[in-house]
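# An overview of the molecular structure
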Amino acid sequence: MSTDSNNAVVRALPSQLSPTHSGALVRRGLRDIEATEQSENKSTDQLARKSVSGIQRKRISEITEEEKYEELLTSYITRLPSFRAFLEKEQDGPATAYAVSTLDWELFPGGSQKEAVAIAKAEALRAAGLEAYHDQTPFDMFLYRGGSQEDLRAKLERAREILRTRTFETSERKTGVKRTVTEVGFTFGIGRSLTEADAADLRNQGGRNEGRAAHFLMLYR
Amino acid sequence: MTTEIARRLSPEEEELAKKRAELDLLQGQLADRELYLANLRAELASFEGSYLRQVGVLYAELDEWNAKLAELAAVANGSEEARSAATQARAQAAESRAASQGEVTKHKEFIASPELKSLYREVAKRVHPDLATDEEDRRQRERLMTEANRAYENGDAERLKAILHEYESSPDSVRGTGIAADLIRVLRQLKQVSSRLAQIEDEITSVVGSDIAKLKAKAERAATEGRDLLAEMAATVQSRVNVARRQYESEAARKQTTP
């Protein structure tokens, strides 16, 4: 090696000196961040197409009877079956086990990113194989019907694991400072009926949001 | 009235004066570009240190859990494929650990004061190896320049002053053996300096195109939006670590309960 190249070695960047050490870690970070950017662009695009205010949404007068029926039974945010679909299913006969879950919104002040998180949760629920319904009342709950309480618990825990790996961007309303939120969780309660499951979820939340109990009582009395 | 007798310069002396002026100009340019390159490298090395301390260390932890998971699977499965996967995962974990704990992580934030920049520029202008007149001179200049680069990256102004002093008090810094020899030396220096200037531009292009420079550019763009990219990356890798850890703990617990 010439003296010139010796000098160049002393001056080279650490990641250039060792392609198998810090260079590999740098490349990995860059690859991950580029993959995240690509996926964010894709999600934003998908969200735009599905958005409530999306320009591609047809006027009611323009949609077919079949599409109207589907709209009635589908959550317009998550595209999961809606609360109305849940009630229809109940009329066919009760399930053996029920669950109710609510997202932990404390990480998202002012409800920022609420749609993105709800959509991510719906994707996690589908991936875990749950029969899930999105109840878009002011309490914004997810309802589940299942064959057994054990099966519901296992699938909900799986969905929770999946959602925890997702990353969201949020910003402080006052300062505009952006934050990355990970480990988004949700509480859930399981029971033989929906009211029992709701009471269990409320207990898991430490008794917050008591008004929800009245919501179910009103619907089931 | 006074009469001054002005000696007319010989053509060789005129040529030497012209070439010396040319060299002086190029030496200034060389010092500026060396300073620019040194700054670029120091800033990137500092950023790389921050990246490895914040994110690299988490990749190493993730690889450790993945290696443990692969080893559990190899024991449970017993196949050649599973054993090979476990060996690979373990090697990856060892490599990531070594990288995340290496010397680079010691690079702290780099902020060069105007005094430091000016000193480095002066050293580069006076001591640069491409101004060497013979092999011995080149060796001495290279040693001093290498030390100067280190001192600059460490923000050590005192060391830069000492290097300058050491060079100026060396007998090699003053040489002269007649106009012809001087002219040859200056012409050679001009050629070397021009060649180094071209080399610096290539080095700048290479450094700016490196992975760490791309990552730094992304971090700077994020900062203009009020975001901390390294913190975001750390949060993402941390969540992957948590998932891998939970998966390992659950697999290990299941293995213990299974006879």
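Structure: above.
Below is a summary of the structure that appears in this document.

Now for the overall build of chain B. Per the secondary structure count, chain B includes 8 helices and 0 strands. Going from N to C terminus, chain B has its helices and strands arranged as α-α-α-α-α-α-α-α. Looking at the 259 residues of chain B, the share that counts as buried comes to 44%. A sequence separation of at least 24 residues applies to 77% of the contacts in chain B between residues at least 6 apart.

This model, assessed by the stated rule, comprises 6 aromatic pairs over all chains. Consider the rings of Tyr120 of chain B and Tyr152 of chain B, whose centres lie 4.7 Å apart with planes at 40°: the pair is tilted. A residue pair is termed long-range when its members are at least 10 positions apart, and Tyr120 of chain B in helix α3 (residues 114-127) and Tyr152 of chain B in helix α4 (residues 135-153) qualify at 32 residues. For the pair Tyr120 of chain B and Tyr152 of chain B, one class covers both residues: buried. An aromatic cluster of at least three residues, connected via ring pairs, comprises Phe83, Phe86, Tyr98 and Tyr133 of chain A. In this structure, Lys68 of chain B is placed above the aromatic ring of Trp65 of chain B, and the distance from its NZ or CZ to the ring centre is 4.6 Å. Here the basic side chain of Lys68 of chain B rests over the ring of Tyr248 of chain B, its NZ or CZ set 5.7 Å away from the ring centre.

Next up on the list: the side chain of Thr146 of chain B. All names here are of chain B. Within the secondary structure, Thr146 sits in helix α4. The class of Thr146 is buried, set by a relative accessible area of 13%. Only 2.7 Å separates the side chain of Thr146 from the backbone oxygen of Glu142, close enough to count as a polar contact.

Take the interface of chain B and chain A next. Listed by partner, the interface residues are 50 residues for chain B and 34 residues for chain A. Regarding the contact of chain B and chain A, the summed buried area is about 3400 Å², with carbon and sulfur atoms giving 54% of it. If you look at where chain B meets chain A, you find 4 salt bridges. Its salt-bridge partner being Arg246 of chain B, residue Glu161 of chain A comes within 3.1 Å of it at the nearest N-O pair. Between chain B and chain A we count 6 residue pairs in polar contact (both at pLDDT 80 or more) in total. Listing elements by their share of the side of chain B that touches chain A, those giving two or more residues are α1 (11-77), α2 (80-101), α4, α6 (179-208), α7 (211-224) and α8 (229-257) of chain B. Looking at the side of chain B that touches chain A, the element that brings in the most residues is α1 of chain B, giving 12 residues.

What follows concerns the pairing of strand β1 (residues 97-103) of chain A. Residue and element names in this part refer to chain A. In terms of burial, β1 is a largely internal element, 7 of the 7 residues being buried. Residue alternation in β1 divides its side chains into two sets, Ala97, Ala99, Ser101 and Leu103 and Tyr98, Val100 and Thr102, and both sets are buried. Across 5 bridges, the pairing between β1 and strand β3 (residues 141-146) is antiparallel. Within β3, the position partnered with Ala99 by the bridge is Tyr144. For β1 and strand β6 (residues 186-191), the ladder comprises 6 bridges, and the chain directions are antiparallel. Residue pairing across strands places Val100 opposite Gly189, the latter belonging to β6.

All names here are of chain B. On the secondary structure map, Glu142 appears in helix α4. Looking at Glu142, the relative accessible area reads 6%, which means it is buried. The spacing of Glu142 and Val127 is 15 residues in sequence and 8.2 Å in space, taken between C-alpha atoms.

This paragraph deals with the sheet that holds β1 of chain A. Residues and elements named next belong to chain A. The strand order across the open sheet formed by 4 strands is β2-β3-β1-β6, and the pairing between neighbours is antiparallel. Edge positions in the open sheet fall to β2 (131-135) and β6, since each of these has one partner strand only. Across the sheet, the mean angle from the axis of one strand to that of its neighbour is 20°, orientation sign disregarded. Along the sheet face, helix α5 (residues 83-92) touches β1, β2 and β3 and points at about 130° away from the line of β2. Helix α8 (residues 194-204) contacts β1, β3 and β6 of the sheet and is inclined by roughly 140° relative to β6.

Ranked by size, the top nonpolar core spans 41 residues in total, and within it Tyr51, Val55, Val193, Leu215, Met233 and Val237 of chain B carry the most contacts. Breaking this core down by element, the ones donating at least two residues are α3 (22-50) of chain A together with α1, α6, α7 and α8 of chain B. In terms of residue count, α1 of chain B provides more of this core than any other element does, 15 residues in total. Setting aside its immediate chain neighbours within four residues, Met233 of chain B contacts Gly29 and Ile33 of chain A together with Tyr51, Val55 and Leu215 of chain B. If you look at the next biggest cluster of nonpolar residues, it comprises 27 residues, including Ile77, Ile119, Phe142 and Val184 of chain A.

Definitions and cut-offs
Note that residues are indexed from 1 along each chain, following the sequence as it is written. To label them, take the chains in the order written and letter them from A, then take the ligands in the order written and number them from 1. Local features in this predicted model are restricted to residues of pLDDT 70 or higher, and side-chain atom pairs are both shown and tallied only at a pLDDT of 80 or more, whereas totals for entire chains, interfaces and linings draw on every residue. The side-chain quantities take in all heavy atoms of the structure and omit both hydrogens and water. Counting from the N terminus, the helices are the DSSP runs of H or I reaching at least four residues and the strands are the DSSP runs of E reaching at least two. Each residue gets one of three labels from its accessible area relative to the maximum for its type: buried under 20%, exposed over 50%, partly exposed in between, using a 1.4 Å probe on protein chains only. The criterion used for residue contact is that any of the two residues' heavy atoms lie within 4.5 Å. Each aromatic pair joins two rings of Phe, Tyr and Trp (for Trp, the six-membered one) with centres within 6.5 Å, and gets the label stacked for planes under 30 degrees apart, edge-to-face for over 60, and tilted for any other angle. For a Lys NZ or an Arg CZ to count as sitting over a ring, it must be within 6 Å of the ring centre and within 35 degrees of the ring normal. Definition of a polar contact: a pair of N or O atoms within 3.5 Å, with one able to donate and the other able to accept a hydrogen when the atoms are protein atoms, and with sequence-neighbouring residues admitted only if both atoms are side-chain atoms. Here the quantity called buried area is the total loss of accessible area, with a 1.4 Å probe, experienced by two parts when brought into contact, counted for both. By convention in these notes, a salt bridge is any Lys or Arg side-chain nitrogen within 4 Å of a carboxyl oxygen on Asp or Glu. A pair of strands is labelled paired if DSSP reports no fewer than 2 bridges between them. Throughout, an axis means a line fitted to C-alpha atoms (over the contacting stretch in the case of helices), and angles, computed between N-to-C directions, take values from 0 to 180 degrees. We call a set of buried residues a nonpolar core when its members are Ala, Val, Leu, Ile, Met, Phe, Trp, Tyr or Cys and they connect through side-chain atoms within 4.5 Å of each other.

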